[in-house]
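Chain residues, written in single-letter form:
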Amino acid sequence: MRMLIITLLITLTTLPAFSSEAINKREPFYGTWGTQKQCKRELFKEGGTVRAAPYVIGPQWLKQGKLWCSLNWGPVENTPNAKQSAANAHCGEDSIRSYFLGLKIKDEKLTLRWDFLRANGPLERCVGS
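Remember, it's a predicted structure, so these values are computed and weren't measured experimentally. (Residues numbered from 1 in each chain as written. Predicted model: local features only at pLDDT ≥ 70, side-chain atom pairs only at ≥ 80, totals over all residues. Heavy atoms only, no water.)

(A) Spotlight on the nonpolar core. Among the nonpolar cores identified, the biggest contains 20 residues, and I57, L62, L112 and W114 are the most heavily contacted of them. Going through the elements one at a time, β2 (55–57), β4 (67–73), β6 (82–91), β7 (97–106) and β8 (109–114) are the ones with two or more residues in this core. If near-sequence neighbours (up to four positions away) are discounted, L62 is found in contact with Y55, V56, I57, L67, W68, C69, L71, L101, L112 and W114. (Core = buried A, V, L, I, M, F, W, Y, C linked by side-chain atoms within 4.5 Å. Buried < 20%, exposed > 50% of the residue type's maximum accessible area, 1.4 Å probe, protein only. Helix = DSSP H or I, 4+ residues; strand = E, 2+ residues; numbered from the N terminus. Contact = heavy atoms within 4.5 Å.)

Right, here's the structure in full:
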């Protein structure tokens, strides 16, 4: 059993998605991203109580407001004018929903594509968040 765990750990740490090099390549995606309204956390509607929330992306999580998603990252691809990656996003608490999440940074703007059907963006990096 001990040997199985050691073998598994060695395998996981040598896979490209788990290596420190792969993690460093993902760093440009990390941070707080949104529209101007989201970055300022403005009210959706004048006189309302619900505020726009930016996306906060880290090594293991994506968060928007009260929504949290666990991320299992894929490799990062650099093209001459963009940086792209993908992740399996498992979102929710009591009822988990899974999404294929595509991430693309082009011209310093991030686009999130959920299951290829819905896109959020282009989003700007929120300053001071």
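There's more to say after this.
(B) Just the environment of S85, in detail. Residue placement: S85 occurs in strand β6. Judged by relative accessible area, S85 falls into the buried class, the value being 9%. The spatial distance from the C-alpha of S85 to the C-alpha of L101 is 8.6 Å, given a sequence separation of 16 residues. The contact partners of S85, leaving out residues within four places of it in the chain, are F29, W73, G74, P75, V76, L101, G102 and L103. Looking at S85, its side chain comes within polar contact range of the main-chain oxygen of G74, at 3.4 Å. (Polar contact = N/O pair within 3.5 Å; in protein donor to acceptor, adjacent residues only side chain to side chain.)

(C) Looking closely at the state of the cysteines. Tallied over the entire structure, the rule returns two disulfides. Disulfide pairing is shown between C39 and C126; the S-S distance is 1.9 Å. Judged by the sign of its S-S torsion, about -75°, the cystine formed by C39 and C126 is left-handed. One end of the pair, C39, is in helix α3 (residues 36–39); the other, C126, is in the segment after β9 (118–125), and 87 residues separate them in sequence. Disulfide pairing places C69 opposite C91 at an S-S distance of 2.0 Å. Judged by the torsion about the S-S bond (105°), the C69/C91 disulfide is right-handed. Taken together, the residues C69 in strand β4 and C91 in strand β6 connect sequence positions 22 residues apart. Judged by its relative accessible area of 0%, C69 falls in the buried class. Ordinal numbering of bonded cysteines along the protein defines a disulfide pattern of 1-4, 2-3. (Disulfide = S-S within 2.5 Å.)

(D) Geometry of the side chain of K83. Relative to the helices and strands, K83 is located in strand β6. Here K83 is buried and forms no salt bridge, its nearest opposite-charge partner E27 lying at an N-O distance of 9.7 Å. Within the structure, K83 has its side chain in polar contact with the side chain of N78 (distance 2.6 Å). If we skip the residues at most four places from it in the chain, K83 touches K25, P28, F29, V76, E77, N78, L103, K104 and I105. (Lys, Arg positive; Asp, Glu negative; His and termini not counted. Salt bridge = Lys/Arg side-chain N within 4 Å of Asp/Glu carboxyl O.)

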